[in-house]
Structure formats: C-alpha cells, structure tokens
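One letter stands for each residue in the lines below.
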Amino acid sequence: MREKSYKYILPDQNNNPDEKETNYQSMIIIGANGSGKSRLGVWIELNSLDKTHRISAQRSLIFNKYIELKSYKQSQNLLTFGAETPRESHDLRWNTGWNGGELDYTTSMLNDYEYVLSTLIAIQTKQQDKFIKDCKQKESQGEKHDEVPEMILDKLKRIWNTIFSRRTIDIKDGKVIATLKDFEYEGRAMSDGERVTLYLIAQCLCVPEDKIIIIDEPEIHLHRSIMDKLWTSIEAERKDCFLFILHMILNLQLLIKIQKNYGLKIMMVQIGILRK
C-alpha cells in the first residue's frame, strides 16, 4: 500500500505559493519571537482558504453555561467562516470585536469556543440520527442491526480520559459537566488547562476532513507531561496534516523521541525566512 502523502504550501522567494508534499503527518515550525511564525500561519491560511483550518495562539477559553444548538450546516459554517452561511473568506471568523473591531488575522482573538461546542453537538446528533435510521430500516427488513458505533462524543471522552484519568467529562442537558470523584461542576468552571484541552480535542474532531490544521502555540496552558499524549491521540483520529507553530522547544529529548516514533518534519523560522 502506498504511504499516504500530504500537500501544503509555503512562500517561495517571491512570496508566491509553492506547493510541497510530505509523508509526515505532523510538521513543526520553530522560531524566535518576532520572526514571523504566526504571520506565516496566516499566509498559509489566506493562500489556501478551502484547505486550511487555523487555530491561533490568541484564543478565548470562555463559553456559556448552555450550548447553543445549531443545525449541522449552520454550526460547520460558523466554525469555518464565522457566519451561518458560507463566505469567500475567513474575515468574519477573525473579526471578533477585539482591537477596536479592526480586522486582523494575526492579532485578533479567536472567539469560537461556542461554535466548537455547537458543532460537536450537531455532529453527534447527525450520527445518532443516521444510526437510528439504519436500525429502523434493517428492522423493517427483518435484519439484525449493528451495534452502536463510536460517535464523536465517545471519541472526545476517550481522548480526554487518556489525559485526565481522574476526571471525567460529559455533556448533559446542553451543558458541559466535569466530574472529579463524586463532585460534579460546570465545564466553564474548569481550569485553563482543562478548558483548552477540551477546546483543542473538540475543535480538531469537528474540523471537516482533508484540511491542513495549523495550531499556533499548542502548548499554551498545557503541562509538558500531557502534550505528547494529547496530540498523539488527536492525530490518530485524523487523516490530515498538522502544522504546529512554536517559539521554543520545550523538551528537546521529547521532540527527538516523537520525531523518531511518529515522524515529524521540523522547520526553523528566522527573520521571516523559512529554512529547514
């Protein structure tokens, strides 16, 4: 079987898109502060809007008590375009009212936690409806229906449990609920680390297939000990190319281990110039 390859773009010397191909599912861009890493992520997004989903370092972890229910198409459009109907750009996704309402893909706060949770529920509902429809059809034909498959909320909880084995998470009555032993509390009262973990898992599970998923500063609010588990688990659920943007190597030995075991392509950004 031919090894899966992934396509992505980088700017050439004239700042034009230059398509690349790799067999690595994950790539890391590393550079000092001010070297242009985030702007490179924005450039990739703007030059391949239909193929790219970017999660910026400036991301809000606030969400409401109750999840707002949306249709599958509405929620997917909100997650992708920042609007309930498809758009030709991602402008509305990045115009969140920060910075005086000024549009800026690089510095605007990404405020889409609500959209992520709405999409999660919409996908779960769609999967449940499909299973029930299939069961009814088979029963009407006198056939035995399949066992209940693993759905998106099951996947989220499974990944969560690999990270936080002593805490469980669920969505009940339209609310995110966390449980520690016998104590239940609202998801919005979770720690920053717990909320960003939920956000990143849900976001990556909800993104449409065949995307370049760009994660700017994936380590924010996360302890080093869970970084490997989190991203290894998330990547195992996707067939997409992940591009991580970091300003420093937190643990060189860990990075070498991940590169050896899972395959990573590492790049350096220096003074706005990309080099291997």
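Residues numbered from 1 in each chain as written. Predicted model: local features only at pLDDT ≥ 70, side-chain atom pairs only at ≥ 80, totals over all residues. Heavy atoms only, no water.

Asks: Which parts of the structure should I look at to understand the packing of helix H4 (residues 113-140) against helix H5 (residues 152-163)?
Replies: Contact geometry for H4 and H5: axes closest at 8 Å, N-to-C directions at 125°. Here H5 runs oblique to H4, going by the angle between their axes. Judged by residue contacts, Leu120, Ile123, Gln124 and Gln127 of H4 engage Ile152, Leu153 and Leu156 from H5. (Axes fitted to C-alpha atoms, helices over the stretch in contact; angles between N-to-C directions. Helix = DSSP H or I, 4+ residues; strand = E, 2+ residues; numbered from the N terminus. Parallel < 35°, antiparallel > 145°, perpendicular 65-115°, else oblique. Contact = heavy atoms within 4.5 Å.)

Asks: Before we go on, may I ask you to explain the sheet that holds strand S5 (residues 167-172) in this structure?
Replies: What links the strands of a sheet is backbone hydrogen bonding, and the strands pair in either a parallel or an antiparallel sense. Strand order in the open sheet formed by three strands is S5-S6-S7, with antiparallel pairing between adjacent strands. Strands with a single pairing partner mark the edges of an open sheet, and in this sheet they are S5 and strand S7 (183-186). Sheet twist, expressed as the average angle between the axes of neighbouring strands with direction ignored, equals 30°. Across four bridges, strand S6 (residues 175-180) lies against S7 in antiparallel orientation. (Pairing = 2+ DSSP bridges.)

Asks: It is not clear to me how unusual backbone geometry should be interpreted in this structure. Could you clarify?
Replies: One non-glycine residue, Asn15, lies in positive phi territory at about 65°. Mapped onto the elements, Asn15 comes out in the loop between strand S1 (6-11) and strand S2 (17-22). With phi around 60°, Asp210 is a residue other than glycine that occupies positive phi space. Mapped onto the elements of the fold, Asp210 is located in the loop between helix H6 (192-206) and strand S8 (212-216). Given the relative accessible area of 60%, Asp210 is considered exposed. (Buried < 20%, exposed > 50% of the residue type's maximum accessible area, 1.4 Å probe, protein only.)

Asks: Explain H5 to me, please; I cannot follow it from the model alone.
Replies: Two residues of an α-helix separated by three or four positions point the same way, owing to the 3.6 residues in each turn. When the terminal C-alpha atoms of H5 are compared, their 17 Å separation across twelve residues agrees well with the 16 Å that a helix rising 1.5 Å per residue should span. Residues of H5 that are buried in the fold lie against H4, S5, H6 and helix H7 (224-236). (Expected span 1.5 Å × (residues − 1).)

Asks: Where do I start with the side chain of Asp240 in this structure?
Replies: With respect to the helices and strands, Asp240 occurs in the loop between H7 and strand S9 (241-246). Under the relative-accessibility criterion, Asp240 is labelled buried at 3%. Setting aside its immediate chain neighbours within four residues, Asp240 contacts Tyr6, Gln25, Pro208, Glu209, Asp210, Lys211 and Ile213.

Asks: Whenever I open this one, the pattern of salt bridges confuses me. Can you help?
Replies: A side chain of one charge can pair with a side chain of the opposite charge if their charged atoms are brought near each other. With the rule as written, the count across this model stands at 16 salt bridges. Ionic pairing is found between Glu84 and Lys70, a salt bridge with its closest N-O pair at 2.6 Å. On the criterion of sequence distance, the pair formed by Glu84 in the loop between helix H2 (72-81) and helix H3 (91-94) and Lys70 in the loop between strand S4 (52-55) and H2 is long-range, its members being 14 residues apart. Since its relative accessible area comes to 23%, Lys70 is described here as partly exposed. Notably, a salt bridge pairs Arg195 with Asp192, separated by 2.4 Å at the nearest N-O pair. Linking Arg195 with Asp192, this pair stays in helix H6, spanning three residues, or about one helical turn. Here the salt bridges do not stand alone but share partners, grouping Lys65, Glu186 and Arg188 into one network. (Salt bridge = Lys/Arg side-chain N within 4 Å of Asp/Glu carboxyl O.)

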